[in-house]
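Given next are the chains, with one letter for each unit.
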Amino acid sequence: MSTPGGGKLSATLRRIERSAGALATSSVARMDETLPWFRALPADQRSWVMLVAQAGARSLVQWLREGGGTADSTQEVSDEVFDAAPQALARSITLQQTVALIKVTIDVVEEQVSHLAAEGEEQQLREAVLRFSREIAFAAARVYARAAESRGAWDARLQALLVDALLRGDSPDVLASRAAALGWTDAPPVAVAVGRSPGGEVSAVLHVVYRQARRIGVEVIGGVHGDRLVIVLGGAPDPLTATAKLLSAFGDGPVVVGPAVPSLDEATESARAALSGFRAAPAWPSAPRPVPAADLLPERALAGDAEARRRLRHDVYATLVRAGGELLATLDAFLAAGGTLESAARALFVHPNTVRYRLRRIAEVTGFSPLSPRDAFALQVALTVGRLDPVAPLTSPVPTQTITPAARKSAQTEDDPRRSL
(Lines give C-alpha, C1' and ligand atoms only; values in the text may rest on other atoms or scores of the structure.)
Protein backbone atom coordinates (compact mmCIF):
# COMPACT_ATOMS: atom_id res chain seq x y z
CA MET A 1 0.00 0.00 0.00
CA SER A 2 1.32 3.43 -0.86
CA THR A 3 2.13 6.20 1.54
CA PRO A 4 0.98 9.83 1.18
CA GLY A 5 2.44 11.28 -1.98
CA GLY A 6 3.87 7.96 -3.06
CA GLY A 7 3.85 5.26 -5.26
CA LYS A 8 2.48 1.76 -5.76
CA LEU A 9 -1.21 2.55 -6.48
CA SER A 10 -0.73 5.91 -8.15
CA ALA A 11 -1.84 4.61 -11.56
CA THR A 12 -4.83 2.86 -10.01
CA LEU A 13 -5.83 6.03 -8.17
CA ARG A 14 -5.89 8.01 -11.41
CA ARG A 15 -8.13 5.38 -13.00
CA ILE A 16 -10.54 5.41 -10.05
CA GLU A 17 -10.70 9.22 -10.13
CA ARG A 18 -11.60 9.17 -13.82
CA SER A 19 -14.22 6.45 -13.24
CA ALA A 20 -15.85 7.93 -10.07
CA GLY A 21 -18.93 9.21 -11.89
CA ALA A 22 -19.42 6.00 -13.83
CA LEU A 23 -19.08 3.92 -10.66
CA ALA A 24 -21.74 5.98 -8.90
CA THR A 25 -24.10 5.71 -11.86
CA SER A 26 -23.58 1.94 -12.13
CA SER A 27 -24.15 1.53 -8.38
CA VAL A 28 -27.45 3.43 -8.45
CA ALA A 29 -28.57 1.45 -11.50
CA ARG A 30 -27.79 -1.80 -9.66
CA MET A 31 -29.74 -0.59 -6.62
CA ASP A 32 -32.70 0.11 -8.87
CA GLU A 33 -32.52 -3.41 -10.28
CA THR A 34 -32.03 -5.37 -7.04
CA LEU A 35 -33.76 -3.33 -4.30
CA PRO A 36 -37.55 -2.93 -4.76
CA TRP A 37 -37.83 -0.42 -1.90
CA PHE A 38 -35.17 1.77 -3.57
CA ARG A 39 -37.30 2.06 -6.71
CA ALA A 40 -40.16 3.34 -4.57
CA LEU A 41 -38.15 6.22 -3.11
CA PRO A 42 -39.03 9.79 -4.17
CA ALA A 43 -36.79 11.35 -6.78
CA ASP A 44 -35.09 13.71 -4.34
CA GLN A 45 -34.06 10.86 -2.05
CA ARG A 46 -32.71 8.85 -4.99
CA SER A 47 -30.62 11.86 -5.98
CA TRP A 48 -29.25 12.04 -2.43
CA VAL A 49 -28.16 8.40 -2.72
CA MET A 50 -26.39 9.27 -5.98
CA LEU A 51 -24.53 12.07 -4.19
CA VAL A 52 -23.50 9.67 -1.43
CA ALA A 53 -22.26 7.12 -3.99
CA GLN A 54 -20.17 9.80 -5.76
CA ALA A 55 -18.79 10.99 -2.42
CA GLY A 56 -17.94 7.38 -1.58
CA ALA A 57 -15.85 7.01 -4.73
CA ARG A 58 -13.98 10.23 -3.98
CA SER A 59 -13.49 9.14 -0.38
CA LEU A 60 -12.02 5.82 -1.54
CA VAL A 61 -9.44 7.70 -3.60
CA GLN A 62 -8.56 9.92 -0.66
CA TRP A 63 -8.37 6.95 1.68
CA LEU A 64 -6.04 5.08 -0.68
CA ARG A 65 -3.92 8.17 -1.22
CA GLU A 66 -3.34 8.35 2.54
CA GLY A 67 -2.08 4.79 2.58
CA GLY A 68 -5.20 3.18 3.98
CA GLY A 69 -5.84 5.91 6.58
CA THR A 70 -4.80 6.32 10.16
CA ALA A 71 -7.19 5.75 13.05
CA ASP A 72 -8.13 9.45 13.09
CA SER A 73 -8.17 10.19 9.37
CA THR A 74 -10.23 7.09 8.61
CA GLN A 75 -13.17 8.32 10.67
CA GLU A 76 -12.95 11.82 9.27
CA VAL A 77 -12.82 10.76 5.63
CA SER A 78 -15.45 8.03 6.05
CA ASP A 79 -17.97 10.33 7.77
CA GLU A 80 -17.62 12.85 4.94
CA VAL A 81 -19.28 10.33 2.62
CA PHE A 82 -22.63 10.84 4.36
CA ASP A 83 -22.25 14.61 4.67
CA ALA A 84 -23.18 14.81 0.99
CA ALA A 85 -26.84 14.06 1.83
CA PRO A 86 -29.19 15.93 4.20
CA GLN A 87 -29.76 14.51 7.67
CA ALA A 88 -33.34 13.83 6.59
CA LEU A 89 -32.02 10.87 4.61
CA ALA A 90 -31.21 9.07 7.85
CA ARG A 91 -34.88 9.40 8.85
CA SER A 92 -36.14 8.20 5.45
CA ILE A 93 -33.84 5.18 5.01
CA THR A 94 -33.21 2.71 7.81
CA LEU A 95 -29.79 1.53 8.88
CA GLN A 96 -30.52 -1.90 7.43
CA GLN A 97 -31.38 -0.33 4.08
CA THR A 98 -28.22 1.78 4.20
CA VAL A 99 -26.12 -1.35 4.71
CA ALA A 100 -27.84 -2.87 1.66
CA LEU A 101 -26.91 0.21 -0.41
CA ILE A 102 -23.29 0.01 0.76
CA LYS A 103 -23.15 -3.68 -0.15
CA VAL A 104 -24.45 -3.01 -3.67
CA THR A 105 -21.89 -0.22 -4.18
CA ILE A 106 -19.00 -2.36 -2.95
CA ASP A 107 -20.12 -5.24 -5.20
CA VAL A 108 -20.06 -2.93 -8.20
CA VAL A 109 -16.59 -1.66 -7.32
CA GLU A 110 -15.25 -5.19 -6.81
CA GLU A 111 -16.61 -6.23 -10.19
CA GLN A 112 -14.72 -3.33 -11.78
CA VAL A 113 -11.39 -4.04 -10.05
CA SER A 114 -9.88 -5.61 -13.16
CA HIS A 115 -10.64 -2.41 -15.12
CA LEU A 116 -9.79 0.04 -12.31
CA ALA A 117 -6.51 -1.46 -11.09
CA ALA A 118 -3.26 -0.99 -12.93
CA GLU A 119 -1.49 -4.16 -14.00
CA GLY A 120 -0.32 -6.13 -10.97
CA GLU A 121 -2.32 -4.04 -8.48
CA GLU A 122 -5.63 -5.97 -8.65
CA GLN A 123 -5.16 -7.90 -5.39
CA GLN A 124 -4.04 -4.82 -3.49
CA LEU A 125 -7.09 -2.90 -4.66
CA ARG A 126 -9.45 -5.72 -3.71
CA GLU A 127 -8.01 -5.83 -0.19
CA ALA A 128 -8.18 -2.05 0.09
CA VAL A 129 -11.84 -2.02 -1.03
CA LEU A 130 -12.71 -4.62 1.63
CA ARG A 131 -11.08 -2.57 4.36
CA PHE A 132 -12.68 0.61 3.10
CA SER A 133 -16.14 -1.02 3.08
CA ARG A 134 -15.67 -1.85 6.76
CA GLU A 135 -14.87 1.80 7.51
CA ILE A 136 -17.90 2.96 5.54
CA ALA A 137 -20.12 0.56 7.52
CA PHE A 138 -18.77 1.96 10.79
CA ALA A 139 -19.36 5.47 9.49
CA ALA A 140 -22.99 4.62 8.67
CA ALA A 141 -23.48 3.25 12.19
CA ARG A 142 -22.08 6.49 13.64
CA VAL A 143 -24.39 8.62 11.49
CA TYR A 144 -27.46 6.67 12.56
CA ALA A 145 -26.39 6.63 16.19
CA ARG A 146 -26.08 10.43 16.18
CA ALA A 147 -29.44 10.75 14.45
CA ALA A 148 -31.04 8.44 17.02
CA GLU A 149 -29.54 10.40 19.91
CA SER A 150 -30.72 13.68 18.41
CA ARG A 151 -34.18 12.28 17.72
CA GLY A 152 -34.38 10.76 21.19
CA ALA A 153 -33.48 14.06 22.85
CA TRP A 154 -36.02 15.91 20.72
CA ASP A 155 -38.74 13.34 21.42
CA ALA A 156 -38.05 13.49 25.17
CA ARG A 157 -38.35 17.28 25.08
CA LEU A 158 -41.52 17.19 23.00
CA GLN A 159 -43.09 14.59 25.29
CA ALA A 160 -42.22 16.67 28.34
CA LEU A 161 -43.94 19.66 26.70
CA LEU A 162 -46.99 17.52 25.92
CA VAL A 163 -47.25 16.31 29.50
CA ASP A 164 -46.89 19.91 30.71
CA ALA A 165 -49.72 20.92 28.37
CA LEU A 166 -51.89 18.14 29.77
CA LEU A 167 -51.29 19.23 33.34
CA ARG A 168 -51.99 22.88 32.49
CA GLY A 169 -55.14 22.01 30.58
CA ASP A 170 -54.00 23.57 27.28
CA SER A 171 -56.32 23.64 24.28
CA PRO A 172 -57.03 20.41 22.37
CA ASP A 173 -55.29 21.88 19.30
CA VAL A 174 -52.00 22.22 21.21
CA LEU A 175 -52.28 18.67 22.52
CA ALA A 176 -53.19 17.28 19.10
CA SER A 177 -50.31 18.97 17.26
CA ARG A 178 -47.67 17.83 19.76
CA ALA A 179 -49.09 14.33 19.95
CA ALA A 180 -49.15 14.06 16.14
CA ALA A 181 -45.47 15.01 15.99
CA LEU A 182 -44.76 12.03 18.26
CA GLY A 183 -46.80 9.61 16.15
CA TRP A 184 -49.59 9.27 18.73
CA THR A 185 -52.67 7.58 17.20
CA ASP A 186 -55.00 8.40 20.13
CA ALA A 187 -56.25 4.84 20.59
CA PRO A 188 -58.97 4.80 23.29
CA PRO A 189 -59.16 4.66 26.19
CA VAL A 190 -56.53 7.11 27.44
CA ALA A 191 -55.34 7.33 31.05
CA VAL A 192 -52.48 8.93 32.95
CA ALA A 193 -50.28 7.18 35.52
CA VAL A 194 -48.01 9.03 37.95
CA GLY A 195 -45.26 7.63 40.16
CA ARG A 196 -41.78 8.40 41.33
CA SER A 197 -39.01 8.47 38.73
CA PRO A 198 -36.25 5.89 39.25
CA GLY A 199 -33.67 8.63 38.62
CA GLY A 200 -30.90 8.83 36.07
CA GLU A 201 -30.92 10.14 32.51
CA VAL A 202 -34.40 11.03 31.27
CA SER A 203 -33.77 9.27 27.94
CA ALA A 204 -32.82 6.06 29.77
CA VAL A 205 -35.92 6.24 31.99
CA LEU A 206 -38.22 6.74 29.01
CA HIS A 207 -36.47 4.02 27.01
CA VAL A 208 -37.49 1.49 29.67
CA VAL A 209 -41.08 2.77 29.50
CA TYR A 210 -41.25 2.47 25.69
CA ARG A 211 -39.66 -0.96 25.62
CA GLN A 212 -42.14 -2.36 28.13
CA ALA A 213 -45.08 -0.61 26.45
CA ARG A 214 -44.18 -2.26 23.13
CA ARG A 215 -44.19 -5.65 24.83
CA ILE A 216 -47.75 -5.21 26.10
CA GLY A 217 -49.00 -3.47 22.94
CA VAL A 218 -50.03 -0.05 24.28
CA GLU A 219 -49.21 3.50 23.23
CA VAL A 220 -47.29 5.65 25.70
CA ILE A 221 -46.08 9.20 26.04
CA GLY A 222 -43.85 9.84 29.03
CA GLY A 223 -42.20 12.71 30.81
CA VAL A 224 -40.04 13.16 33.89
CA HIS A 225 -41.03 16.18 35.97
CA GLY A 226 -38.77 16.70 38.93
CA ASP A 227 -38.88 13.42 40.81
CA ARG A 228 -42.11 12.26 39.14
CA LEU A 229 -42.58 10.03 36.12
CA VAL A 230 -45.80 10.79 34.23
CA ILE A 231 -47.01 8.29 31.63
CA VAL A 232 -49.95 8.71 29.24
CA LEU A 233 -51.33 5.33 28.15
CA GLY A 234 -53.46 4.78 25.07
CA GLY A 235 -55.22 1.71 23.75
CA ALA A 236 -55.09 -0.28 27.00
CA PRO A 237 -58.51 -1.86 27.71
CA ASP A 238 -57.68 -1.79 31.42
CA PRO A 239 -55.22 1.05 32.19
CA LEU A 240 -54.72 -0.20 35.76
CA THR A 241 -53.63 -3.65 34.57
CA ALA A 242 -51.40 -2.10 31.90
CA THR A 243 -49.75 0.15 34.47
CA ALA A 244 -49.10 -2.87 36.69
CA LYS A 245 -47.01 -4.29 33.83
CA LEU A 246 -45.00 -1.05 33.64
CA LEU A 247 -44.19 -0.83 37.36
CA SER A 248 -40.51 -1.65 36.89
CA ALA A 249 -40.15 1.64 34.98
CA PHE A 250 -41.12 3.59 38.12
CA GLY A 251 -39.10 4.24 41.23
CA ASP A 252 -40.12 3.28 44.75
CA GLY A 253 -43.36 4.56 46.23
CA PRO A 254 -46.99 4.80 45.13
CA VAL A 255 -48.12 4.69 41.50
CA VAL A 256 -51.51 6.29 40.87
CA VAL A 257 -53.67 5.82 37.75
CA GLY A 258 -56.19 8.46 36.73
CA PRO A 259 -59.62 7.64 35.29
CA ALA A 260 -59.87 6.41 31.69
CA VAL A 261 -61.13 8.98 29.17
CA PRO A 262 -62.10 8.60 25.50
CA SER A 263 -59.21 10.58 23.96
CA LEU A 264 -56.13 12.67 24.61
CA ASP A 265 -58.24 15.84 24.41
CA GLU A 266 -59.85 14.87 27.72
CA ALA A 267 -56.75 13.45 29.40
CA THR A 268 -56.22 16.59 31.51
CA GLU A 269 -58.91 15.27 33.85
CA SER A 270 -57.08 11.97 34.21
CA ALA A 271 -53.70 13.69 34.70
CA ARG A 272 -54.99 15.99 37.43
CA ALA A 273 -56.67 13.14 39.29
CA ALA A 274 -53.50 11.01 39.09
CA LEU A 275 -51.28 13.86 40.33
CA SER A 276 -53.68 14.67 43.15
CA GLY A 277 -53.74 11.01 44.13
CA PHE A 278 -49.96 10.78 44.01
CA ARG A 279 -49.65 13.74 46.41
CA ALA A 280 -52.23 12.25 48.77
CA ALA A 281 -51.10 8.59 48.54
CA PRO A 282 -48.66 8.75 51.50
CA ALA A 283 -51.72 9.08 53.77
CA TRP A 284 -52.66 5.49 52.80
CA PRO A 285 -49.46 3.49 53.41
CA SER A 286 -51.08 0.14 52.61
CA ALA A 287 -52.54 1.27 49.27
CA PRO A 288 -52.16 -1.22 46.41
CA ARG A 289 -49.57 -0.48 43.73
CA PRO A 290 -50.79 0.76 41.32
CA VAL A 291 -53.88 2.33 42.83
CA PRO A 292 -56.75 4.10 41.03
CA ALA A 293 -57.03 7.80 41.81
CA ALA A 294 -60.72 7.24 42.63
CA ASP A 295 -59.73 4.96 45.53
CA LEU A 296 -57.88 7.90 47.09
CA LEU A 297 -60.86 10.27 47.17
CA PRO A 298 -60.86 10.71 50.97
CA GLU A 299 -57.12 11.40 51.13
CA ARG A 300 -57.35 13.76 48.17
CA ALA A 301 -60.22 15.64 49.79
CA LEU A 302 -58.28 16.01 53.03
CA ALA A 303 -55.28 17.26 51.04
CA GLY A 304 -57.41 20.04 49.54
CA ASP A 305 -58.41 18.60 46.16
CA ALA A 306 -61.57 20.51 45.20
CA GLU A 307 -62.63 17.89 42.65
CA ALA A 308 -62.38 15.10 45.24
CA ARG A 309 -64.46 17.14 47.69
CA ARG A 310 -67.05 17.77 44.99
CA ARG A 311 -67.31 14.10 44.14
CA LEU A 312 -67.68 13.03 47.76
CA ARG A 313 -70.27 15.71 48.38
CA HIS A 314 -72.24 15.09 45.19
CA ASP A 315 -71.80 11.35 44.59
CA VAL A 316 -71.93 10.17 48.21
CA TYR A 317 -73.45 12.65 50.64
CA ALA A 318 -76.08 14.11 48.31
CA THR A 319 -76.93 10.64 47.03
CA LEU A 320 -77.63 9.46 50.58
CA VAL A 321 -79.83 12.46 51.22
CA ARG A 322 -81.80 11.92 48.03
CA ALA A 323 -82.17 8.18 48.72
CA GLY A 324 -84.08 8.85 51.94
CA GLY A 325 -85.17 5.84 53.93
CA GLU A 326 -83.20 6.91 57.01
CA LEU A 327 -79.96 5.92 55.30
CA LEU A 328 -78.05 8.98 56.48
CA ALA A 329 -79.20 8.59 60.07
CA THR A 330 -78.35 4.88 59.99
CA LEU A 331 -74.88 5.57 58.66
CA ASP A 332 -74.29 8.19 61.36
CA ALA A 333 -75.38 5.76 64.05
CA PHE A 334 -73.32 2.91 62.63
CA LEU A 335 -70.16 5.01 62.45
CA ALA A 336 -70.76 6.42 65.93
CA ALA A 337 -71.12 2.89 67.26
CA GLY A 338 -67.66 2.01 65.91
CA GLY A 339 -69.10 -0.26 63.24
CA THR A 340 -71.06 -2.42 65.69
CA LEU A 341 -74.37 -3.33 64.11
CA GLU A 342 -76.23 -4.16 67.34
CA SER A 343 -75.21 -0.90 69.03
CA ALA A 344 -76.37 1.09 66.02
CA ALA A 345 -79.71 -0.76 66.07
CA ARG A 346 -80.21 0.08 69.75
CA ALA A 347 -79.39 3.73 69.11
CA LEU A 348 -81.96 3.85 66.31
CA PHE A 349 -84.54 1.71 68.17
CA VAL A 350 -84.80 -0.69 65.23
CA HIS A 351 -84.09 -4.35 64.68
CA PRO A 352 -80.47 -5.24 63.71
CA ASN A 353 -81.77 -6.72 60.45
CA THR A 354 -83.20 -3.32 59.57
CA VAL A 355 -79.77 -1.75 60.09
CA ARG A 356 -78.21 -4.52 58.04
CA TYR A 357 -80.66 -3.86 55.19
CA ARG A 358 -80.01 -0.13 55.28
CA LEU A 359 -76.24 -0.67 55.21
CA ARG A 360 -76.66 -2.76 52.08
CA ARG A 361 -78.73 0.02 50.53
CA ILE A 362 -75.96 2.50 51.36
CA ALA A 363 -73.45 0.32 49.54
CA GLU A 364 -75.77 0.05 46.54
CA VAL A 365 -76.39 3.79 46.12
CA THR A 366 -72.88 5.06 46.92
CA GLY A 367 -70.56 2.25 45.90
CA PHE A 368 -69.00 2.24 49.38
CA SER A 369 -69.84 -0.47 51.90
CA PRO A 370 -69.97 0.68 55.56
CA LEU A 371 -68.94 -2.86 56.55
CA SER A 372 -65.51 -2.37 54.92
CA PRO A 373 -63.12 -0.34 57.12
CA ARG A 374 -61.66 1.42 54.08
CA ASP A 375 -65.07 2.28 52.64
CA ALA A 376 -66.34 3.34 56.05
CA PHE A 377 -63.48 5.86 56.22
CA ALA A 378 -64.43 7.23 52.80
CA LEU A 379 -68.07 7.50 53.85
CA GLN A 380 -67.14 9.34 57.04
CA VAL A 381 -65.05 11.85 55.10
CA ALA A 382 -67.94 12.26 52.63
CA LEU A 383 -70.34 13.04 55.47
CA THR A 384 -67.91 15.58 56.89
CA VAL A 385 -67.33 17.26 53.53
CA GLY A 386 -71.03 17.28 52.68
CA ARG A 387 -71.96 19.00 55.92
CA LEU A 388 -69.10 21.50 55.85
CA ASP A 389 -69.29 22.46 52.20
CA PRO A 390 -72.55 24.27 51.44
CA VAL A 391 -71.76 24.97 47.78
CA ALA A 392 -74.21 22.73 45.89
CA PRO A 393 -77.77 22.77 47.29
CA LEU A 394 -79.19 19.33 47.89
CA THR A 395 -82.44 18.13 46.41
CA SER A 396 -84.10 17.88 49.79
CA PRO A 397 -83.03 18.97 53.26
CA VAL A 398 -81.92 16.45 55.81
CA PRO A 399 -84.89 16.02 58.17
CA THR A 400 -84.44 16.30 61.89
CA GLN A 401 -85.51 12.97 63.27
CA THR A 402 -87.85 12.92 66.26
CA ILE A 403 -88.53 9.44 67.55
CA THR A 404 -91.69 9.19 69.60
CA PRO A 405 -92.44 6.32 71.99
CA ALA A 406 -95.11 5.09 69.58
CA ALA A 407 -92.64 5.14 66.73
CA ARG A 408 -90.14 3.20 68.79
CA LYS A 409 -92.69 0.53 69.55
CA SER A 410 -93.80 0.38 65.93
CA ALA A 411 -90.21 0.07 64.71
CA GLN A 412 -89.48 -2.73 67.14
CA THR A 413 -92.67 -4.75 66.63
CA GLU A 414 -93.41 -4.10 62.96
CA ASP A 415 -93.56 -7.28 60.91
CA ASP A 416 -90.91 -6.06 58.49
CA PRO A 417 -90.12 -8.68 55.80
CA ARG A 418 -86.66 -7.14 55.43
CA ARG A 419 -85.64 -8.51 58.84
CA SER A 420 -85.03 -11.84 57.22
CA LEU A 421 -82.27 -10.27 55.08
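Cut-offs applied
Residues numbered from 1 in each chain as written. Predicted model: local features only at pLDDT ≥ 70, side-chain atom pairs only at ≥ 80, totals over all residues. Heavy atoms only, no water. UniProt positions renumbered as here; feature names shortened; annotations may be inferred. Helix = DSSP H or I, 4+ residues; strand = E, 2+ residues; numbered from the N terminus. Buried < 20%, exposed > 50% of the residue type's maximum accessible area, 1.4 Å probe, protein only. Contact = heavy atoms within 4.5 Å. Areas by Shrake-Rupley, 256 points an atom, 1.4 Å probe, with all protein chains shown as cover. Pairing = 2+ DSSP bridges. Axes fitted to C-alpha atoms, helices over the stretch in contact; angles between N-to-C directions. Phe/Tyr/Trp six-rings, centres within 6.5 Å; stacked < 30°, edge-to-face > 60°. Polar contact = N/O pair within 3.5 Å; in protein donor to acceptor, adjacent residues only side chain to side chain. Salt bridge = Lys/Arg side-chain N within 4 Å of Asp/Glu carboxyl O.

- The name an unreviewed UniProt entry gives the protein chain is PucR family transcriptional regulator, with Micromonospora ureilytica as the organism.
- A UniProt comment under Sequence similarities (unreviewed entry) is attached to the protein chain, and it reads "Belongs to the CdaR family."

Some remarks on the overall build of the protein chain
So, point 1. A tally of regular secondary structure across the protein chain gives 19 helices and five strands.
So, point 2. Among the 421 residues that make up the protein chain, the fraction classed as buried is 43%.
So, point 3. Sequence separation of 24 or more characterises 68% of the internal contacts of the protein chain that already satisfy a separation of 6 or more.
So, point 4. Within the structure as shown, the protein chain displays about 21100 Å² of accessible surface, and the carbon and sulfur contribution to it stands at 54%.

A word on the sheet that holds strand S1 (residues 190-196)
So, point 1. The five strands are arranged S2-S3-S1-S4-S5 in an open sheet whose pairing can be described as mixed. Pairing within the sheet leaves two strands with one partner each, and these edge strands are strand S2 (219-225) and strand S5 (291-292).
So, point 2. The pairing of strand S4 (residues 256-257) with S5 spans two bridges and is parallel. Looking at the pairing, Val256 lines up with Val291 of S5.
So, point 3. Strands S2 and strand S3 (228-234) of the sheet are contacted by helix H10 (residues 202-216), whose axis makes an angle of about 160 degrees with S2.
So, point 4. The sheet contacts of helix H12 (residues 267-280) involve S1, S3 and S4, and relative to S1 the element is tilted by about 25 degrees.

Here's the deal with the packing of aromatic side chains
So, point 1. For the structure on display, the rule yields one aromatic pair.
So, point 2. When the centroid spacing of 6.3 Å and the interplanar angle of 85 degrees are considered together, the rings of Trp37 and Phe38 count as edge-to-face.
So, point 3. Under the relative-accessibility criterion, Phe38 is labelled buried at 0%.

Quick look at the pairing of S2
So, point 1. Burial within S2 is extensive, with six of its seven residues counted as buried.
So, point 2. Across seven bridges, the pairing between S2 and S3 is antiparallel. Residue pairing in the sheet places His225 in a bridge with Arg228 of S3.
So, point 3. The loop that links S2 with its antiparallel partner S3 comprises two residues; one of these, Gly226, has a positive phi angle of about 65 degrees.

Description of the side chain of Ser263
So, point 1. Along the polypeptide, Ser263 turns up in the loop between S4 and H12.
So, point 2. Judged by its relative accessible area of 14%, Ser263 is buried.
So, point 3. When neighbours within four sequence positions are excluded, Ser263 is seen to be in contact with Asp186 and Val190.

As for the environment of Arg39
So, point 1. Locating Arg39 in the fold gives a position in helix H2 (residues 36-39).
So, point 2. Taking the C-alpha atoms as reference points, Arg39 and Ala29, 10 residues apart in sequence, are found 10.0 Å from one another.
So, point 3. Here the side chain of Arg39 touches Glu33 through a polar contact of 3.4 Å, landing on its backbone oxygen.

Observations concerning the pattern of salt bridges
So, point 1. Taken as a whole, this structure holds 12 salt bridges when the rule is applied.
So, point 2. Measuring nitrogen to oxygen at the nearest pair gives 3.0 Å for the salt bridge that ties Arg46 to Asp32. Pair noted here: Arg46 is in helix H3 (residues 43-65) and Asp32 is in helix H1 (residues 10-34), with a separation of 14 residues, a long-range link.
So, point 3. Taking the relative accessible area as the measure of exposure, Arg46 reaches 24% and is therefore partly exposed.
So, point 4. What emerges from the salt-bridge pattern is a single network uniting Arg309, Arg313 and Asp389.

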